[in-house]
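Structure assessment
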Amino acid sequence: MNPSVTQKERIVSLDIIRGLALFGILFINVAAYQVIVEGGPMPDYSGINGIINTFIDIFIEKKFFSIFSFLFGVGFYIFASRAEARGDKPRWRFARRLLALLLIGIVHIFIFWGSILAIYAILGFFLLPFYNAKISTISKWLFTIISVHVFCLLGQMFMSNQGAFSTIFSLLGNDAVAIFIMFLSGFLVAKADWIGHISEHFKQLKWIQFVTFPLFAGISLWIWFAAQGEYQNLQLIIGLGVIPTTYFYLACLFVILENKKIAKLLKPIGRVGQMAFTNYLAQSFIGLALISLMGLEVVSPSDVVIIATLIFVIQIIFSVIWFKFFKMGPFEKVWRFMTYGRKAVPNK
């Protein structure tokens, strides 16, 4: 989610990437809007549907949630540092913001069981101790957590049925740890002052692309062959690809969006990202409505593509129109009020 910042303070590339992340998330969430009942009809995964499903596994599954998580970490640093600059207590204020998110997330779970908001809020509290940490300290923590996470994923694949070790592998190799890794990655990048000065870090970004692309390509091929062979550890292979693929995507996007013409062309997508909280919540309502209108009992991968695209087009149109009249999204305003109370910081 994006922090409450004024129009002049916004970093356009972050809004565009956040909007693209919301589009990718749709490809995962749409299928979950319709609950599959045991003994009822099942989605079609044959033919073109099978190919689409594999492409989603390779290019989208867990990666766009990870991009969203990275931006949450960026948002934490921007929000807290600006709170501190105003003379506020940054960690206390962000803790209150997280509690508000947790409350909204719990309510949202009753509407969409796959809501990530409550999990984001809980994991967000683990960022608080890092606020005053040195960049070198955060880097060491990040490297260690990534190493442990990858080792535990490999442990689940090749060292299963190891008693207590299997429990540890499952605990530290799960998606929650991957989300926190991306939280911390985004926080580190923002604290190191890369955001807003991307052109000064092209050399580092090229190095990230050079390192992560072979990993992305290799694991993508592994996912393809595992999907064709119905390999039982497919989700673990996808998990192994999350961190290098997300880093590769982000490095590419930040470089591409330094081109002002491309950034201007994608500005409508940035409007979706500018009110990401509202649009994330709205996706479940629009998705359920479209599924009902289409009369679908189950949602196959080809249906996912159609519905996700329709939802995103609707959200682009709505967001562009909304910002012609208002400065922030409706749920952003609610979240802001829950964070600050009546003494909300006015827009400048």
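Here we summarise the structure given alongside this text. (Residues numbered from 1 in each chain as written. Predicted model: local features only at pLDDT ≥ 70, side-chain atom pairs only at ≥ 80, totals over all residues. Heavy atoms only, no water.)

1. Some thoughts on the overall build of the protein
Where we set the bar: Counting from the N terminus, the helices are the DSSP runs of H or I reaching at least four residues and the strands are the DSSP runs of E reaching at least two. Using C-alpha atoms as the atom set, the radius of gyration is obtained and then compared with a globule rule of 2.2 Å times the number of residues to the power 0.38. Only protein chains enter the calculation, and the probe is 1.4 Å; a residue is then buried if its accessible area is under 20% of its type maximum, exposed if over 50%, and partly exposed in between. Pairs of residues are marked as contacts when any of their non-hydrogen atoms sit within 4.5 Å. By the counting rule applied here, Lys and Arg register as positive and Asp and Glu as negative, while His and the ends of each chain are not counted. We put the charge of a Lys on NZ, of an Arg on CZ, of an Asp on CG and of a Glu on CD.
For the protein, the helix and strand inventory stands at 15 helices and zero strands. Computed over its C-alpha atoms, the radius of gyration of the protein comes to 20 Å, within 12% of the 20 Å expected for a compact globule of 348 residues. Counting the 348 residues in the protein, one finds 52% classified as buried. Restricting the contact set of the protein to residue pairs at least 6 apart, pairs at least 24 apart contribute 80%. Across the protein, the centroid of the 29 positively charged side chains sits 17 Å from that of the 16 negatively charged ones.

2. Quick word on the packing of aromatic side chains
Condition: Working definition: a ring pair exists when centres of Phe, Tyr or Trp rings (six-membered ring for Trp) sit within 6.5 Å. Plane angles under 30 degrees give stacked, over 60 give edge-to-face, the rest tilted.
Scanning the model with the defined rule gives 34 aromatic pairs in all. With a centroid separation of 6.1 Å and 65° between ring planes, the pair formed by Phe76 and Tyr131 is classed as edge-to-face. Residue Phe76 is located in helix 3 (residues 63–85), and its partner Tyr131 is located in the loop between helix 5 (117–124) and helix 6 (135–158); the two are separated by 55 residues in the primary sequence. Overall, Phe76 belongs to the buried group, its relative accessible area being 0%. Exposure remark for Tyr131: the relative accessible area of 4% places this residue in the buried category. When the ring of Phe216 is compared with that of Phe248, the centres are 5.3 Å apart and the planes differ by 20°; the resulting orientation is stacked. Of the two residues, Phe216 sits in helix 9 (residues 202–228) while Phe248 sits in helix 10 (residues 234–256), which places them 32 residues apart along the sequence.

3. Quick notes on the nonpolar core
Stated formally: Take the buried residues of types Ala, Val, Leu, Ile, Met, Phe, Trp, Tyr and Cys, join any two whose side-chain atoms come within 4.5 Å, and each joined set is a nonpolar core.
Counting residues in each nonpolar core, the largest one holds 94 residues, and the members touching the most others are Val30, Leu184, Phe187 and Phe254. Residues in contact with Phe254, not counting those within four places in the same chain, are Ser13, Leu14, Ile17, Phe70, Ile195, Ile198 and Leu205. Counting residues in hydrophobic clusters, the runner-up holds 12 residues, among them Ile58, Ile219, Ala226 and Leu240.

4. Things to note about the packing of helix 1 (residues 12–33) against helix 13 (residues 276–294)
Any two packed helices are characterised by how steeply their axes cross, that is the angle between the axes, and by the distance between the axes. Rule in force here: To define axes, lines are fitted to C-alpha atoms, for helices over the stretch in contact only, and angles between the resulting N-to-C directions are given on a 0 to 180 degree scale. The handedness criterion is simple: a crossing whose near helix is rotated anticlockwise from the far helix by less than a right angle is left-handed, and one whose near helix is rotated clockwise is right-handed.
Orientation of helix 1 relative to helix 13, taken along the N-to-C sense of each, is 35°, at an axis distance of 10 Å. You can see that helix 1 and helix 13 cross each other, and the crossing is right-handed. The residues of helix 13 that touch helix 1, namely those facing Arg18, Leu22, Ile25, Leu26, Asn29, Val30 and Tyr33, are Ala276, Asn279, Tyr280, Gln283, Ser284, Gly287, Leu288 and Ile291.

5. Considerations on the side chain of His108
On the secondary structure map, His108 appears in helix 4 (residues 90–109). Sequence-distant contacts of His108, defined by excluding residues within four places in its chain, comprise Ser115, Leu117, Tyr280, Leu281 and Ser284.

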